[in-house]
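The primary structure of each chain is shown beneath.
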Amino acid sequence: MLSKLDQQQYTKRMNNRIRKNSVLQSVFFLSALFGLFVLAILIIRVVTQGFGWIDMDFLTGRLSTDPERAGIMGAILGTLWVMIVVIPVTMIVGVGTAIYLELYAKKGKFQASIQTNISNLAGVPSIVYGLLGLTVFVRLMDLGNVVLAGGLTLSLLVLPILIVAAQEAIRAVPSHLAEASYGMGATKWQTIQRVILPAALPSILTGSILSLSRAIGETAPLTVLGIPALLIPFPNGFFDTFTALPMQIYYWTLDSSLVAEYANLAAATIIVLLVLLFVLNSVAIFIRNKFQHRY
Amino acid sequence: MSVVMMENKMTVQLNQEKEQSAGTAIEEKDVVFNTKELNLWYSETHALKNINLSINEKEVTAIIGPSGCGKSTYIKTLNRMVELVPGVRTTGEITYKGKNILDRSFRVEDLRTQVGMVFQKPNPFPKSIYENIVYGPKIHGIRNKKILDEIVEQSLKGAYIWDEVKDRLHENAYGLSGGQQQRLCIARCLAVQPDVILMDEPTSALDPKSTLKIEELIQQLKKDYSIIIVTHNMQQAARISDKTAFFLNGEVIEFGDTNTIFTNPSDSRTEDYISGRFG
Ligand SMILES: Nc1ncnc2c1ncn2[C@@H]1O[C@H](COP(=O)(O)OP(=O)(O)OP(=O)(O)O)[C@@H](O)[C@H]1O
Ligand SMILES: [Mg+2]
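Just so you know, these numbers come straight off a predicted model, no measurement behind them. (Residues numbered from 1 in each chain as written. Chains lettered and ligands numbered in written order. Predicted model: local features only at pLDDT ≥ 70, side-chain atom pairs only at ≥ 80, totals over all residues. Heavy atoms only, no water.)

J.: How would you explain the overall build of chain A if you had to name every residue and give the values?
T.: For chain A, the count of helices and strands is 11 helices and zero strands. Listing each helix as α and each strand as β along chain A from the N terminus yields α-α-α-α-α-α-α-α-α-α-α. The C-alpha radius of gyration computed for chain A amounts to 25 Å, which surpasses the reference 19 Å derived for 295 residues by more than 25%, pointing to a less compact arrangement than a globule. Seen along its three principal axes, the alpha-carbon backbone of chain A occupies a region of about 80 × 65 × 35 Å. By residue count, 41% of the 295 residues in chain A fall in the buried class. Considering only residue pairs separated by 6 or more positions, chain A has 74% of its internal contacts joining residues 24 or more positions apart. Here chain A displays about 16,200 Å² of accessible surface, and carbon together with sulfur accounts for 67% of that area. Of the charged side chains in chain A, 20 are positive and 13 negative, and the gap between their average positions amounts to 22 Å. (Helix = DSSP H or I, 4+ residues; strand = E, 2+ residues; numbered from the N terminus. Rg over C-alpha atoms; globule rule 2.2 N^0.38 Å. Buried < 20%, exposed > 50% of the residue type's maximum accessible area, 1.4 Å probe, protein only. Contact = heavy atoms within 4.5 Å. Areas by Shrake-Rupley, 256 points an atom, 1.4 Å probe, with all protein chains shown as cover. Lys, Arg positive; Asp, Glu negative; His and termini not counted. Charge placed at Lys NZ, Arg CZ, Asp CG, Glu CD.)

Have a look at this one:
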């Protein structure tokens, strides 16, 4: 027993401390519950509104003003085409930048200024990227609002996130592994290729899937680019006009005051988008677990 | 004379007897590393001060000294691993077989191919035992499966670990014990067929039995390789080395035959250190 405290004081303080602990525990539990609660409401709402509308015709059909005949194949294809642009561009540029900054760049003013800029860019609102895309890709490069322009815009948007994630992944590779490689006469590139990248790959993939999920769900930059949700032909290549799932959700929600069923169509499209994200995340987790090493 | 020193003397004598019974004649050896006026700074820290050391081929050279005296820094300079630390500066000269390795025109890749290194903590790659061994040969361009298989067997035998792992070559190296991992790392180093092997406290993370195995291994390797080993263990230095260098605060206080250093040191600081009065 602490000699400076008498029994009464001791019991009182101990009771207080224990009470404080349990109160805080409940606060943290409620915070955690809050997130779960919101997610549950969201899913219940979306599912009750939209699930009945999902069928083969909806998934494979073309867009139509008639809610009973409308399908979202065009938007699904558009989203997939955009991903075909975003995945390689962000992986190559993002991982390349991270490798340069972490492994090649001399620590100094130049490296520090790139680093700061990347961190700042990660915080720029997505609509600003839309403006950038509109100016550079749609107008200056005269691409129009096609798959390539949309994909490049979204790539720019998620690049900073991916770069930072890849940098952290590379930094987390224990230095003694690289030392072992250098110690046998390996060049820097051999060490990167055979030791550092394989060890960093799981975390890089996690980061890239998270940023891809972000790209798939973005609407604001696409509205700025002028991506329509109209009766346009299915996109078939990088230079075709397209629409994407979030655009479809956006326009149907806007017009649900005119046609009530559009709200159901929007909900159904949200389910499709969520399933797509869920599949992507599962693939990421699968790959990560498959490649994960202990060290 | 302290008890420790008497023990040291006994081990040294034992060593001599072993060598004599094996009929090893004492002869002049070639110099492999010659260090002249070497100074090294980590940004502001002056870690190595005016080092002059000449290290012989096919011998075991032990480097001893208290923590922070620059032992690791010195052996990392011998394969220029120290350059991985940003802000390192060196002056002076280290010749390896007559060529100055600190010269920028000496390619580190060449140097590290000829001067291998075993680290304090076993650091196998998170790959199979087989893949660990062939890593070196592969980066040097050997692709032939038969040659690689041969290298794996030879290297593992060379590190006296073949019998323990021959049935599990394709299992992850992390499944091995610490001592086995360290011998695997030595085998991985042998696979590149270096001339010199640098060892930075290779047994400090190991139990006595594994330590003994590695010490025996070093005695074998000495026939074909020049070995420079950093150790905190006086007995170990006395047991396995031919020459000993005593470092203190970045300087070489004394360098010479292990016998002499351990039984009749000329500097009182060396005597204090090996008899355990500081460090
Ligand atoms: N990466 C580094 N950056 C800055 N200073 C360093 C670095 N590595 C070592 N030093 C300094 O250089 C001096 C020598 O360090 P070194 O690691 O060579 O000592 P050591 O003799 O190997 O010690 P130990 O027995 O503890 O391993 C120390 O003062 C240390 O603080
Ligand atoms: Mg050390």
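Still more ground to cover, so stick around.
J.: Explain the site of ligand 1 residue by residue, including any values.
T.: Residue and element names in this part refer to chain B. Contacts to ligand 1 come from Tyr-42, Ala-47, Ser-67, Gly-68, Cys-69, Gly-70, Lys-71, Ser-72, Thr-73, Val-85, Glu-201 and His-232. At 3.2 Å, a backbone N or O of Cys-69 approaches an oxygen atom of ligand 1. Ser-72 places a polar side-chain atom, nitrogen or oxygen, 2.6 Å from an oxygen atom of ligand 1. When the free accessible area of ligand 1 is taken as 640 Å², the share hidden by the protein chains comes to 63%. (Near = heavy atom within 4 Å. Polar contact = N/O pair within 3.5 Å; in protein donor to acceptor, adjacent residues only side chain to side chain.)

J.: Describe the sheet that holds strand E8 (residues 226-230) of chain B, naming the residues involved and giving the relevant values.
T.: The strands making up a sheet are joined through hydrogen bonds of the backbone, oriented either antiparallel or parallel. Residue and element names in this part refer to chain B. The six strands lie next to each other as E6-E7-E8-E3-E9-E10, forming an open sheet whose pairing is mixed. Here the strands that pair on one side only, and so sit at the sheet edges, are strand E6 (115-118) and strand E10 (251-257). For this sheet the average axis-to-axis angle between neighbouring strands, irrespective of direction, equals 15 degrees. Sheet topology note: the strand E9 (residues 243-248)/E10 ladder contains six bridges and is antiparallel. When the sheet's bridge partners are listed, Leu-248 is paired in E10 with Glu-251. The sheet strands contacting helix H7 (residues 178-190) are E6 and strand E7 (196-200), and the helix crosses E6 at an angle near 170 degrees. (Pairing = 2+ DSSP bridges. Axes fitted to C-alpha atoms, helices over the stretch in contact; angles between N-to-C directions.)

J.: Can you break down the interface of chain B and chain A residue by residue, with the values?
T.: If you look at the interface, chain B gives 24 residues, while chain A gives 18 residues. Across the interface of chain B and chain A, roughly 1,800 Å² is buried in total on both sides, 63% from carbon and sulfur atoms. The three residues of chain B that bury the most area against chain A are Tyr-135, Ile-139 and Tyr-174 of chain B, which together make up 29% of that side's buried surface. At the boundary of chain B and chain A, one finds zero salt bridges. Secondary structure elements with two or more residues in the side of chain B that touches chain A: helix H3 (108-114), E6 and helix H4 (129-139) of chain B. Here the element with the most residues in the side of chain B that touches chain A is H4 of chain B; it accounts for four residues. (Buried area = accessible area lost by both parts, 1.4 Å probe. Salt bridge = Lys/Arg side-chain N within 4 Å of Asp/Glu carboxyl O.)

J.: Give a description of the sheet that holds strand E5 (residues 99-100) of chain B that names residues and reports values.
T.: Residue and element names in this part refer to chain B. What the four strands build is an open sheet, ordered E2-E1-E4-E5; its pairing is antiparallel. Among the strands making up the open sheet, the edge pair consists of strand E2 (45-56) and E5. Sitting on the sheet, helix H2 (residues 71-78) is in contact with strand E1 (31-42), E2 and strand E4 (88-96), with an inclination near 120 degrees to E1.

J.: Lay out helix H10 (residues 245-254) of chain A with the relevant residues and their values.
T.: Leu-245, Pro-246, Met-247, Gln-248, Ile-249 and Trp-252 of chain A are the residues of H10 of chain A that are buried. In the core, the buried residues of H10 of chain A are packed alongside helix H2 (56-60), helix H3 (73-104), helix H8 (188-217), helix H9 (220-225) and helix H11 (261-291) of chain A.

J.: Residue-level account of the UniProt feature "transmembrane region" (unreviewed entry) in chain A, with values.
T.: All names here are of chain A. Feature annotation in UniProt assigns "transmembrane region" (unreviewed entry) to the following positions: residues 21-47, 72-101, 121-140, 146-166, 222-245 and 265-287. Annotated as 97% helix and 0% strand, the span residues 72-101 places its first and last C-alpha atoms 42 Å apart. Within the segment residues 146-166, helix and strand shares are 95% and 0% respectively, and the terminal C-alpha atoms sit 29 Å apart. (UniProt positions renumbered as here; feature names shortened; annotations may be inferred.)

J.: Please provide a residue-by-residue account of the side chain of Arg-188 of chain B, values included.
T.: Relative to the helices and strands, Arg-188 of chain B resides in helix H7. Summary of buried charges: Arg-188 of chain B has no salt-bridge partner, and the nearest side chain of opposite charge, Glu-179 of chain A, is 9.4 Å away. Here Asn-132 of chain B takes part through its side chain, which lies 3.3 Å from a polar atom of the side chain of Arg-188 of chain B. The residues touching Arg-188 of chain B, leaving out its near neighbours within four places in the chain, are Ala-180 and Met-184 of chain A together with Asn-123, Pro-124, Phe-125, Asn-132 and Ile-133 of chain B.

J.: Before we move on, could you go through the packing of H10 of chain A against H11 of chain A and cite the residues and values that matter?
T.: Residue and element names in this part refer to chain A. Between H10 and H11, whose axes approach to 8 Å, the crossing angle comes to 160 degrees. By the angle class used here, H10 and H11 are roughly antiparallel. For the element pair H10 and H11, the recorded crossing hand is left-handed. Each of Leu-245, Gln-248, Ile-249, Trp-252 and Thr-253 in H10 lies in contact with H11, whose residues at this interface are Tyr-262, Leu-265, Ala-266, Thr-269, Ile-270, Val-272, Leu-273 and Leu-276. Looking at the contact of H10 with H11, its residues break down into 10 nonpolar, three polar and no charged. (Parallel < 35°, antiparallel > 145°, perpendicular 65-115°, else oblique. Left-handed = near helix turned anticlockwise from the far one by under 90°. Nonpolar A, V, L, I, M, F, W, Y, C, P; charged D, E, K, R; others polar.)

J.: Could you give me a rundown of the packing of helix H1 (residues 7-50) of chain A against H11 of chain A, with the residues and numbers involved?
T.: Residues and elements named next belong to chain A. Close contact between H1 and H11 brings their axes to 7 Å; oriented N to C, the two are set at 120 degrees. By the criterion of interaxial angle, the relationship of H1 to H11 is oblique. Of the two elements, H1 crosses H11, and the hand of that crossing is left-handed. Residues Val-46, Val-47, Gln-49 and Gly-50 of H1 lie in contact with H11, whose contacting residues are Ala-263, Asn-264, Ala-267, Ala-268, Ile-270 and Ile-271. A per-class count over the contact of H1 with H11 returns seven nonpolar, three polar and no charged.

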